[in-house]
Amino acid sequence: MEKPKYPTLQSIQGDEKKAEETLQFTIVCKNSKKRYYYDLDARLGNIRIPEITKVVSWSLYRLRDTMGHKTRITILEALPKFLWFLKSNEVDTPEQLNSHTLIKFSETLKNDAALSYSTAGSLYRKLSNVFREMAKHPRVNDDFQPQKNSFPKSETLKSATLGYSEQEMKQIIKTTVLALREQRIKLETEYEPTWLGKPPPIDDVAPQNKSTGRRSFWYSDEYIIWWWENNCACEKLTHSDIIKIKQGNMFYEVTRKKYGSLGLFYDFIGAEKNYKPKYIGKAPPVTYLTPWRKKDYLDWYWENKVSCKALSSVELNKKHPEFWRAMQEYHGGKIQSFYREKAVSVWVSSYDLIPYYLMLLIRTGLNPATIQGLTIDCLIEDPLDKDKYQIDWTKFRSFKKGKTIPSGVEGDSWPAMIIKRIIGITSRFREPGQKELWIATANRFKKPLPIEGPAFKRSVRKFSKAHSLVADNGDFLHIHAKRIRPTIAWNEYLRTEDLQYVQALLGHSKVSTTADYLKNYDNPLLRTRRAIHQEAIFQGLSGGIDLEKNKHNRHNKIEMHDTLLNHCKDPYNSPVAGERHGQACGADSEVCLGCQNLVITHIDIKKYFCFIRFHEHLVGCGDISQEEFEKSVKNKKAMWESSILPKYDKDVIEIIATDAVKKPIPVWDISLYEIEKNGK
């Protein structure tokens, strides 16, 4: 009977019932499309609440299409907290579950000394979907619903993930680059065959008897001649003289059988007075009783019969047993040493690929999970320039897709190059249909498998320990992938002062998300500049003139739009190279100062004086370093004092400067800053 294309309602209900009764089920991950097996009895069986565990299993199976495998594992790791809570409160049947149960559970989490407030809120939210689904079970009350906002402001209380300092980041980059060079030799060097297509090197190997298959030095004419020259001094000795010599009997029997008689042997080699010896004082021309003892023959066989592939021990024994036995019998079974000599590798581990992973993190700024989820077809050509590529990525956790900023000859070509190198390394053992970019063979199954998140974490830790890096405080510097991303965001923001660029770099869908992301980064310079840019430089971010509303009216009426320290008279008609007409200009403030659309007003001059005075105060009281002060002020000060201020009347400038001291703009008001800093 032909299997139906789509499952029937009856079969779905049957599967749900089976998951409820057995506490076991398989689900195809909606993200990776792989099938995973779950056994709740093994995971939660030690918490003896069987009736409620059945409802949990039923709920998880019903949520199979709404979450991926990683999210499901996270929920399974959080569930014991809830089940132990039920057990301690003697709740052991689904009928006892109600809204008061969840209210009490949230209060228990808040009072748990082992959990921070934000962690407790995160754990509660992870389980909320399961709670809602459990409420649909016939045995559970309909009011078993998680309360809204049970943990108010828990997200805002999360501690910031701090990045690395400039010196620490330089160490990490330098170490990663050096590791990449080492891995290039180990994993990317192409083996150059020397014996491919040539006859086997067996001239010095004992010939084989065709009828018996046995080999012997005495089957070789050259070996017989060598023995005669070195043992008989090239003289035509008689049988009685020869048998007195060691191995003489063997020589006599071989010559009699092979040539007919001793005399015929002498005739065969021309043993006369003018005979010219070939082997006197030399090593025997045949030195190997079997070709497998000979290293060159192993190389020849590997190139011509194994196609230069670094096969595992199991594969060699199965496909090329003679080669494998020879390695065991004559060469100590050191197949890995054999591969290392040729700079090829059969076992590629997650640790081997970590330098490539770290370089992608550093160069792209993508989320670690996003990089780990890349596929071999993630590189796409730029439609306008075939020398440039974009990385097509998917961030499953937020159900987002996107592309990195194009990279090519003129830009940063490293990301595309690194991905191509990884594809080249893994192509040697990649199985048909394997799309994952990150696969390795050094696992307990000894087969190419995708590298999972925990393996990346372990390998990065191992990489940190293998390269003894030093933090600014003198302690050991651990490399954490999650700290690289905010470091990139911070450095790029300082360099460009362009929140929209950082938004594209980080792959955020909203610029406000990027602002919040940077807000968590507790750097004194960023703290002071944060408000400036959110309110001024980025049009349409938080109030001000609505550019989209005025977009179609720009030819009828000129509007002045706020930027950092000046105004722009027509941001949709920018003369800056690379900017498109009809789209809001995205150039940074340094470019604005030299743009013909620049408009300087009295308030802009006041902004400048407030800006400079405010940052002089910060560096004076030690809230920012001299280096940070230079990054923020140097270029602007040079441009304003050399090109802008000299164009205005000195008396006017002095009046504005005085006003900037008496009535500073709020975002650069020193008194307001001190009040906020001291928490008053």
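This text follows the structure it describes.
Residues numbered from 1 in each chain as written. Predicted model: local features only at pLDDT ≥ 70, side-chain atom pairs only at ≥ 80, totals over all residues. Heavy atoms only, no water.

1. Details of the overall build of the chain
So, step 1. A count of helices and strands for the chain gives 29 helices and ten strands.
So, step 2. The proportion of buried residues among the 680 residues of the chain is 45%.
So, step 3. Excluding contacts between residues fewer than 6 apart, the proportion of contacts in the chain whose partners are at least 24 apart in sequence is 65%. (Helix = DSSP H or I, 4+ residues; strand = E, 2+ residues; numbered from the N terminus. Buried < 20%, exposed > 50% of the residue type's maximum accessible area, 1.4 Å probe, protein only. Contact = heavy atoms within 4.5 Å.)

2. Here's the deal with the side chain of Ser-99
So, step 1. By the secondary structure assignment, Ser-99 is in helix α5 (residues 99–110).
So, step 2. Residue class for Ser-99 comes out buried when judged on its relative accessible area of 14%.
So, step 3. If sequence neighbours within four positions are ignored, Ser-99 has contacts with Asp-143, Phe-144 and Gln-147.

3. Description of the side chain of Ser-216
So, step 1. Examined against the element boundaries, Ser-216 turns out to sit in the loop between α7 (166–188) and α8 (221–232).
So, step 2. Given a relative accessible area of 17%, Ser-216 falls into the buried group.
So, step 3. For Ser-216, the side chain forms a polar contact with the main-chain nitrogen of Trp-218, separated by 3.2 Å.
So, step 4. Not counting chain neighbours up to four residues away, the residues in contact with Ser-216 comprise Ala-206, Pro-207 and Leu-289. (Polar contact = N/O pair within 3.5 Å; in protein donor to acceptor, adjacent residues only side chain to side chain.)

4. Things to note about the pattern of salt bridges
So, step 1. Overall, the coordinates contain 22 salt bridges when judged by the stated rule.
So, step 2. A salt bridge links Glu-95 to Arg-139, with the shortest nitrogen-to-oxygen separation between them at 2.9 Å. Of this pair, Glu-95 sits in the loop between α4 (69–88) and α5 while Arg-139 sits in the loop between α6 (117–134) and α7, placing them 44 residues apart in sequence.
So, step 3. Judged by its relative accessible area of 42%, Glu-95 falls in the partly exposed class.
So, step 4. When its relative accessible area of 30% is taken as the criterion, Arg-139 is described as partly exposed.
So, step 5. Here Glu-133 and Lys-136 are joined by a salt bridge, their closest N and O atoms 3.4 Å apart.
So, step 6. Under the relative-accessibility criterion, Glu-133 is labelled buried at 8%. (Salt bridge = Lys/Arg side-chain N within 4 Å of Asp/Glu carboxyl O.)

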